[in-house]
Amino acid sequence: MALCATVAAPAAADGGTTTTTAKPTIVLVHGAFADASSWNGVVERLERRGYSVIAPANPLRGLYSDSTYIASVLDSIKGPLVLVGHSYGGALISSAAAGNGRVKSLVYVSALMPDVGESGMSLATRFPSELGTATKSVPYRAGGVSGTDLYLKPDRLRPVFAADLPESTTRVMAVTQRPVATTAFSEKAKVAAWKHIPSWFLVAEQDRTINPDQERFEAKRAGSHTVEIDSSHVAMITHPEAVTDLVLQAATAAESARPGLPATGSPHAARTKTALTGIAAASLIAGAGAVLLGRRWGRPTS
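Trainee: Could you give me a rundown of the overall build of the chain, with the residues and numbers involved?
Mentor: Assigned secondary structure in the chain consists of 13 helices and 9 strands. Looking at the chain residue by residue over its 302 residues, the buried ones come to 45%. Counting contacts in the chain only where the partners sit at least 6 residues apart, residues at least 24 apart contribute 73% of the total. Accessible area of the chain: about 14800 Å², with a carbon and sulfur share of 58%.

Trainee: Summarise the pattern of salt bridges; cite the residues concerned and give the values.
Mentor: A complete count under the given rule lists 11 salt bridges for this structure. The salt bridge involving Arg 126 is made with Glu 118; its shortest N-O contact spans 3.7 Å. One salt bridge connects Glu 167 with Arg 171, and the closest N-O pair in it is separated by 3.8 Å. Of the two residues, Glu 167 and Arg 171 are both situated in helix α8 (residues 167-176); the distance of 4 residues between them amounts to about one turn of the helix. Each of Arg 45, Arg 49 and Glu 241 takes part in one network of salt bridges that share partners.

Trainee: Describe the pairing of strand β9 (residues 225-229), with residues and values.
Mentor: In summary, the side chains of a regular strand alternate between the two faces of the sheet. In the sheet, strand β8 (residues 199-204) pairs with β9 via 5 bridges, with the strands oriented parallel. When the sheet's bridge partners are listed, Phe 201 is paired in β9 with Thr 226. Note on the crossover from β8 through helix α10 (residues 212-222) to β9: the handedness is right-handed.

Trainee: Give a detailed account of the confidence of the model for the chain, specifying residues and quantitative values.
Mentor: Residues with a pLDDT of 70 or more make up 78% of the chain, whose mean pLDDT is 84. The low-confidence segment residues 258-302 (pLDDT under 50) makes 23 contacts with residues lying over four places distant or belonging to another chain.

Trainee: Report on the packing of aromatic side chains, specifying residues and quantitative values.
Mentor: Scanning all chains against the criterion turns up 4 aromatic pairs. Centre to centre, the rings of Tyr 88 and Phe 185 are 5.8 Å apart; their planes meet at 70 degrees, and the pair counts as edge-to-face. Of this pair, Tyr 88 sits in helix α5 (residues 88-96) while Phe 185 sits in helix α9 (residues 183-186); the two residues are 97 residues apart in sequence, bridging distant segments of the chain. The burial state of Tyr 88 is the same as that of Phe 185; both residues are buried. Both rings, one in Tyr 108 and one in Phe 201, keep their centres 5.9 Å apart while their planes meet at 10 degrees; by these two values the pair is stacked. Taken together, the residues Tyr 108 in strand β4 (residues 103-109) and Phe 201 in strand β8 connect sequence positions 93 residues apart. Exposure class is identical for Tyr 108 and Phe 201. Each is buried. If you follow Arg 61 out to its NZ or CZ, it ends over the ring of Tyr 140, 4.8 Å from the centre. Its end group placed over the ring of Tyr 64, Lys 190 keeps NZ or CZ at 4.3 Å from the ring centre.

Procedures and definitions
Along each chain, residues carry numbers from 1 onward, in the same order as the chain's sequence is written. Thresholds applied to this predicted model are a pLDDT of at least 70 for local features of residues and 80 or more for the giving and counting of side-chain atom pairs; totals over whole chains, interfaces and linings are not thresholded and use all residues. Only hydrogens and water are set aside; all other atoms, that is, all heavy atoms of the structure, feed into the side-chain values. Secondary structure counts use DSSP, requiring at least four H or I residues in a row for a helix and at least two E residues in a row for a strand, with both numbered from the N terminus. The rule is simple: take the accessible area with a 1.4 Å probe, protein chains only, and divide by the maximum for that residue type; under 20% is buried, over 50% is exposed, in between is partly exposed. In what follows, residue pairs with any heavy atoms lying within 4.5 Å of each other are defined as contacts. Accessible areas in this description were obtained via Shrake-Rupley with a 1.4 Å probe; residue shielding takes into account the shown protein chains only. By definition here, a salt bridge exists when the distance from a side-chain nitrogen of Lys or Arg to a carboxyl oxygen of Asp or Glu is within 4 Å. At least two DSSP bridges between two strands are needed for those strands to be called paired. Orient the strands so they point away from the viewer, and a crossover whose first-strand-to-second-strand path over the helix runs clockwise is right-handed. Confidence of the predictor in every single residue is expressed as pLDDT, which spans 0 to 100. We call Phe, Tyr and Trp rings a pair once their centres come within 6.5 Å, taking the six-membered ring for Trp, and we label the pair stacked below 30 degrees between planes, edge-to-face above 60, and tilted otherwise. Only when the NZ of Lys or the CZ of Arg is both within 6 Å of the ring centre and within 35 degrees of the ring normal is a charge said to sit over the ring.

See below:
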């Protein structure tokens, strides 16, 4: 039996398939008009449960450039990943995760979840909300580039964005909000990682920034594990426990995921290598068993 264990062990250490046991790193991507501090309550709860968490600063300049930036952040992290996107951040994780085999789960919190060829604007046309009348446009110039930023009007931020937060809090949010370039909503998605990666979705029933019916449509289309809560758009601030619970579901699923293919090499080569390794191991185990039985019963082995 000891010989059998010794022979079988290299199959898992030889670049073959292995079962994921390490906790994934949780990457939290904020949306428009906000910053990474909007995840504070969720970060604290995830860290108390032993997870490594990163909440990068979303540039808010455009779907293509922002998703490229988030993808570069993912490249700097080792091991399995769970991506969580709020609002516009959902569109970013859908793009940034494409082709990254280490991303095991996607979590959308009252978020955009565009399909290929869709944009935030095209989805909003199908599912209108109050956001269109709650923003003001401000031209900007930076490094020889010019464009248009969108801000939430101070008197509209609370009713449209965060109705279940105290007015004293939303006044500060209005002053410190980060504007988002219009290209963030006008650029069309080129990929949709949720078609290939398991997803979870939190629908905010009182959302007036993204129509809750849009959120339901996106979640159903993607086959997401879905929960609905009585929340405004900023569910991660007003209901951090519920958001954390959903992220933990996705993270737990990632930890118990089926064995994956090696990071390099073609799937066919990986399957062939795994099959050959298994055959070799089985042959050695069978041979070892025959030797042991032969010695025990005094029979010669061929």
